[in-house]
Structures are given as C-alpha cells and as structure tokens.
Amino acid sequence: MLRETDCTKLQQDATLDALSRLREASLKISEHLEGGPVAQEVVHQARFLTEAKYGALLCFDEEGNAGAVVISGLAPEQAGLISATPGSRGVLGALNNADKPVRIRNIDDHPDSVGVPPYHPLMVSFLGMPIRFRGRHLANLYLADKQTHAEFTQEDEELITTFAAQAAAAMATASEYDQVVSARAELQALLDSSPMGVFVIDAHTGELKSHNREAQRIAAFTGLEELHPEAAVRAMSIRRLDGSEVSMEEGLVAPIVRTGRTVRAQELFINFPNGRTMHILANAAPIYSDEGEVMSVAFAAQDLTPIEEIDRERRDYLCLVGKELRTPLSTIKGSVSALADALSQSTSSESHQLLKIIDLQADLMRGVRQDFGRATG
C-alpha cells in the first residue's frame, strides 16, 4: 500500500509532467506565424496533451461564420470525405455557447448526440472546448476517444482549459499576421499593375528598400540593375525643365527629409549611369515612423516616353493626312474652276449653284489640311 508521501510525490511528478507537456505544446504552436499552420498545430498538440485519438478544430471568421475545419488523427483520404462542417446543434454545436469544457464519457449515451458530420469515424469519449480571445469566438476544439482510459479526465479538462487560452493568443496573432500579409500582397499587386515606377528610398542611407514591376523595367532600361541599389540612387541626377541639374539625393530625397514636403506631378529628366535620359512625371512623399521621423521617401516616376511616342505618331498621321489631301484638293479646285469658265455662258442657275457649293467645300477641306499642317508643326 502506498504511503502518503509516495502519493504526494506521484501527484507532484504527474503535475510536473503535465506542465512540461503543456510548455512543449505551447512552444510548438508558437513556432508558426501563419493561421493555417497554427490551427493545425493547435489540434495536433491538443491531441498530444489529452492522448486523444481524433481531433478537429472548427475556425470562425470575424463575423462568427464557420470556416475551415482542421482535422488530426485521420488518414488524408478519410479526412477528405468529411466535407460538411459540424452543425450548430447537438453536442458539437453546444460549444458555441459554452464557457468551459464539455466532457462526455460516451457520446452515444448523450441526449444531444447529433450534429456529427457524415463519414466521421465513430466516437465514444468526447472532450470539447471553445477557444475565445478578448470576447471573440475563434474556434471550437473537438477531441475524441482517449486512448489510455475509458474517458477524458478532470486533469484533461484543466490542461485543455489552460492550453486553449494559449492557443487563443497564438491564433489571434496569426490572424493579424495573415491580415498584414494579405494587405501587403494586395498592395504589391496594385503597385505592380501601376504604370508608374515606385521606388522606396531609405531617408538616412539612400538605400533602395523596395520597388515595383515598372521600376524593374526602368532599371533594366537604364542599367541600374548592374549597380548596387545605394550606388544606383547616388549615380542618378535630375535635370529640371529650367535646365538646372542636381543629384537625385540632393535634389529630391534630402529636401523631402528636411522639410517633409510632397512633390506632385513635376516634370523632370532623369540622367542614368549608362548615359540614357528619361523624361518622367514625378511624385514623391515622405514616409514617417510612429515617432514622426521621416524614415523613407516614396518616389513614383511615370515614364512619359510612351505618351510622347503616341503624340509623335499622332502628328505623323496628321501630317500624312495633310499630304494625302493636297493632290485631290488641287485637282478638284482646278477642275471646278475650268468647269466654271466653260459654263460661264450658260444660263442654268442650278449648274452655277452646284459649282459654288463644290468650290466652297473644297476651300473648307483646304483649310482643314492647313490646320493639320499647323498642328503637326
């Protein structure tokens, strides 16, 4: 028969073992950042802590709608058959309004033994726990069939309650991380679809911190790809419309850092290290830290070359139209004059009227051609 001191030591050992497993489970879920891996690790570690054969985690979105179901303990092909999410009724649905674990010795004997999705394996013992963080319902944790005992124990309840609090914090952090990643991806997609090259330059070092797809095209055109980003920024110079020329750092970055002013729709010529020059429409603005210090400068440059090319093609087309109109107009005008002389003795007022109309329209077309000529320079 065990002495009291032996029982106390066994209890202490069991407690230390439980705390050790809880610490290990918490470390495991903290190794991940994204929501999906965190959710998968939560259900894995919950099974590990309680020695459950099966586990599932039903996640909810910010509006409280049921979302992804993460399953542990089933073969992938069997888990793939469970397409429906646990219903809002029965034992599984009871967790939606529970404020503590739900522990059942035999789920078939429970009066609310409904709500289990089709193709789910038969379950006997059950332990469920809602996971909430600062009032928001994040998920429901379902565990089934304790492998070492006939049912889950009071110690399992206590373990899973503590673990659920730690899991809630990890899942909330992962949700925020996913939102940041998603926002960055949306912003990058927007920037990459922009016709303007966007460069973000460090305000202190002049280093090029980030850029978009159009900026990469500009870099390839101008030979910047061959230089270190910091050297590339320092190698560029700005030539204004008045002919003055300064370095990119002195003429654009430094004034914005000093004054915090914003540059909008300014026409500039950028001289690049490979000797090429690009006519751009520039916008620039400071990016501040939480303390109000200018940390970076965002510089957006729209290459005006395609626009100038379109304008040049338009002028060429107008010039071509003017040249093409010159010969038929001269022919019409000469023919009308000759015909008018030939009919000068005619008494037909209608013929004379038609000739006047043709002559007038020919003069109008000549005026249009001359306008084309002036428009094309």
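Just so we're clear, the structure is a prediction, and the values are computed from it rather than from any experiment. (Residues numbered from 1 in each chain as written. Predicted model: local features only at pLDDT ≥ 70, side-chain atom pairs only at ≥ 80, totals over all residues. Heavy atoms only, no water.)

Draft legend 1. Molecular detail of the sheet that holds strand β4 (residues 126-133). Taken in spatial order, the five strands make up an open sheet running β2-β1-β5-β4-β3, and their pairing is antiparallel. Looking along the sheet, the strands with just one partner apiece sit at the ends: β2 (66-72) and β3 (102-104). Pairs of neighbouring strands in the sheet enclose a mean axial angle of 15°, with direction left out of account. Pairing of β3 with β4, which is carried by three bridges, proceeds in the antiparallel orientation. Note on β4: the bridge partner recorded for Ile104 is Phe126. Packed onto the sheet, helix α2 (residues 35-50) meets β1 (52-60), β2, β4 and β5 (136-146) and runs at close to 145° relative to β1. With respect to the sheet, helix α5 (residues 154-192) is in contact with β1, β3, β4 and β5, its orientation differing from that of β4 by roughly 35°. (Pairing = 2+ DSSP bridges. Helix = DSSP H or I, 4+ residues; strand = E, 2+ residues; numbered from the N terminus. Axes fitted to C-alpha atoms, helices over the stretch in contact; angles between N-to-C directions. Contact = heavy atoms within 4.5 Å.)

Draft legend 2. Just the nonpolar core, in detail. Core analysis: the biggest nonpolar cluster contains 32 residues, and Val42, Leu57, Ile131, Phe163 and Met171 have the highest contact counts within it. The set of elements that each furnish at least two residues to this core consists of α1 (4-30), α2, β1, β4, β5 and α5. Residue contributions to this core peak at ten residues, all from α5. Apart from the residues within four sequence positions on either side, Met171 is in contact with Val38, Val42, Leu57, Cys59, Ile131, Leu138 and Ala139. Within the second largest apolar cluster, 21 residues are counted, among which are Phe199, Ile201, Met236 and Met278. (Core = buried A, V, L, I, M, F, W, Y, C linked by side-chain atoms within 4.5 Å. Buried < 20%, exposed > 50% of the residue type's maximum accessible area, 1.4 Å probe, protein only.)

Draft legend 3. The arrangement of empty space enclosed by the protein in detail. All chains considered together, the criterion is met by two cavities of 30 Å³ or more. If you add up the space inside the second largest cavity, you get close to 60 Å³. If you trace the second largest cavity, you find ten residues lining it, with Phe199, Ile218, Phe272, Phe299 and Ala301 closest to the centre. Elements that contribute at least two residues to the lining of the second largest cavity include exactly β11 (277-288) and β12 (294-303). Among the residues forming the lining of the second largest cavity, the class breakdown is ten nonpolar, no polar and no charged. (1 Å grid on protein atoms, 1.4 Å probe; cavity = no way out; pocket = protein on both sides within 12 Å on 5 of 7 lines; lining within 4 Å. Points joined across faces, edges and corners; volume = space filled by probe spheres on them. Nonpolar A, V, L, I, M, F, W, Y, C, P; charged D, E, K, R; others polar.)

Draft legend 4. The arrangement of the packing of aromatic side chains in detail. Per the stated rule, a full pass over the model turns up two aromatic pairs. Geometrically, the ring pair formed by Phe126 and Tyr142 is tilted, given 6.4 Å between the ring centres and 35° between the ring planes. Here the residue Phe126 occupies a position in strand β4, and Tyr142 occupies one in strand β5, the gap between them amounting to 16 residues. Tyr142 gets classed as buried once you look at its relative accessible area, which sits at 7%. (Phe/Tyr/Trp six-rings, centres within 6.5 Å; stacked < 30°, edge-to-face > 60°.)

Draft legend 5. Representation of the pairing of β1 in the model. Judged by how many residues are buried, β1 sits mostly within the fold: eight of nine residues are covered. Where β1 lies against β5, seven bridges are found, and the strand directions are antiparallel. Paired with Tyr54 across the strands is Ala144, a residue of β5. Across five bridges, β1 lies against β2 in antiparallel orientation.

Draft legend 6. How the structure looks around the pattern of salt bridges. Under the counting rule described, the total for this entry stands at five salt bridges. With a closest N to O distance of 3.0 Å, Lys146 and Asp156 form a salt bridge. Placement of the pair is Lys146 in strand β5 and Asp156 in helix α5, with a sequence separation of ten residues. Residue Lys146 shares its accessibility class with Asp156, and that shared class is buried. Put simply, Glu51, Lys146 and Asp156 are held in one network by salt bridges that share partners. (Salt bridge = Lys/Arg side-chain N within 4 Å of Asp/Glu carboxyl O.)

Draft legend 7. Fine view of the layout of surface pockets. What the second largest pocket holds in volume is close to 290 Å³. Contributing to the lining of the second largest pocket are 16 residues, with Cys59, Phe60, Arg136, Met171 and Ser175 lying nearest its centre. Elements represented by at least two residues in the lining of the second largest pocket include exactly α2, β1, β2, β5 and α5. With five residues, the top contributor of residues to the lining of the second largest pocket is α5. Residues belonging to the lining of the second largest pocket are distributed by class as follows: nine nonpolar, four polar and three charged.

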